[in-house]
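Residue-level structure breakdown
Single-letter residue listing:
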Amino acid sequence: MKSAQEDAYLEFVAARAKALYRSAYALAAGDTHLAEDLVQETLSRVYVHWRRVAAADSPAAYAQTVLVRTFLTLRRRSSTGERPTGNMPDKPYG
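Here's a quick rundown of the structure. (Residues numbered from 1 in each chain as written. Predicted model: local features only at pLDDT ≥ 70, side-chain atom pairs only at ≥ 80, totals over all residues. Heavy atoms only, no water.)

In this section: helix H1 (residues 3–27). With 25 residues, H1 should reach 36 Å at 1.5 Å per residue; the first-to-last C-alpha distance of 33 Å fits that figure. Roughly 50 degrees is the biggest bend found in H1, and it falls at Arg 16. Turning to H1, its buried residues are Tyr 9, Phe 12, Val 13, Ala 19, Leu 20 and Ala 24. Of the surrounding elements, those touching the buried residues of H1 are helix H2 (32–48), helix H3 (50–55) and helix H4 (59–77). Remark: Ala 29 follows H1 within two positions and exhibits a positive phi of approximately 55 degrees. (Helix = DSSP H or I, 4+ residues; strand = E, 2+ residues; numbered from the N terminus. Expected span 1.5 Å × (residues − 1). Bend = angle between axes of the 7 residues up to and from the residue. Buried < 20%, exposed > 50% of the residue type's maximum accessible area, 1.4 Å probe, protein only. Contact = heavy atoms within 4.5 Å.)

In the structure shown here, the tally under the stated rule is 1 salt bridge. For Glu 41, the salt bridge identified is with Arg 45, shortest N-O distance 2.7 Å. Placement of the pair is Glu 41 and Arg 45 together in helix H2, with a separation of 4 residues, close to one helical turn. (Salt bridge = Lys/Arg side-chain N within 4 Å of Asp/Glu carboxyl O.)

Turning next to the environment of Arg 51. By the secondary structure assignment, Arg 51 is in helix H3. Placed 42 residues apart in sequence, Arg 51 and Tyr 9 show a C-alpha to C-alpha distance of 9.5 Å.

This part covers unusual backbone geometry. Of note in the backbone geometry, Ala 29 takes a positive phi value of approximately 55 degrees without being a glycine. Inspection of the secondary structure assignment puts Ala 29 in the loop between H1 and H2.

Before going further, it helps to spend a moment on the packing of aromatic side chains. Each aromatic ring pair is summarised here by two numbers: the centre-to-centre distance and the angle between the ring planes. Overall, the coordinates contain 4 aromatic pairs when judged by the stated rule. With a centroid separation of 5.5 Å and 80 degrees between ring planes, the pair formed by Tyr 9 and Trp 50 is classed as edge-to-face. Within this pair, whereas Tyr 9 is found in helix H1, its partner Trp 50 is found in helix H3, the two being separated by 41 residues in sequence. An identical accessibility class is assigned to Tyr 9 and Trp 50; each is buried. (Phe/Tyr/Trp six-rings, centres within 6.5 Å; stacked < 30°, edge-to-face > 60°.)

Time to look at the environment of Ala 63. The residue Ala 63 is located in helix H4 in this model. As for Ala 63 and Val 39, which are separated by 24 residues in sequence, their C-alpha atoms are 9.6 Å apart.

In terms of nonpolar packing, the biggest core is built from 15 residues, with Tyr 9, Leu 20, Ala 24, Leu 43, Val 46 and Trp 50 touching the most fellow members. When contributions to this core are tallied by element, the ones reaching two or more residues are H1, H2, H3 and H4. (Core = buried A, V, L, I, M, F, W, Y, C linked by side-chain atoms within 4.5 Å.)

A word on H2. The terminal C-alpha atoms of H2 lie 24 Å apart, and with 17 residues this matches the ideal 24 Å at 1.5 Å per residue to within 8%. Those residues of H2 that sit buried are Ala 35, Leu 38, Val 39, Thr 42, Leu 43 and Val 46. End-on view of H2: buried residues confined to an arc of 125 degrees, all on one side of the axis. For H2, the exposed residues set more than 90 degrees away from the buried face come down to His 33, Asp 37, Gln 40 and Val 48. (Arc of directions from axis to C-beta.)

Here is the structure:
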């Protein structure tokens, strides 16, 4: 990426990272680690396609769409719905 494009990307990140995190936090139902991962993945995907994003009518809306699609992809992958618990049985079943 050229320096001017990289500067524009860094300005975009500085301006939009907090808003993306707030959206990710809401999508992740308050899971801060998942929200941070979603924002990181979103910003990396936006970086890879920065020319297309910068040329869009609304780069912020483009990034928001990437965030939501990243979240949905993650939810599809972990479709089992299993959640770890702090209580383990004393004896194995069977």
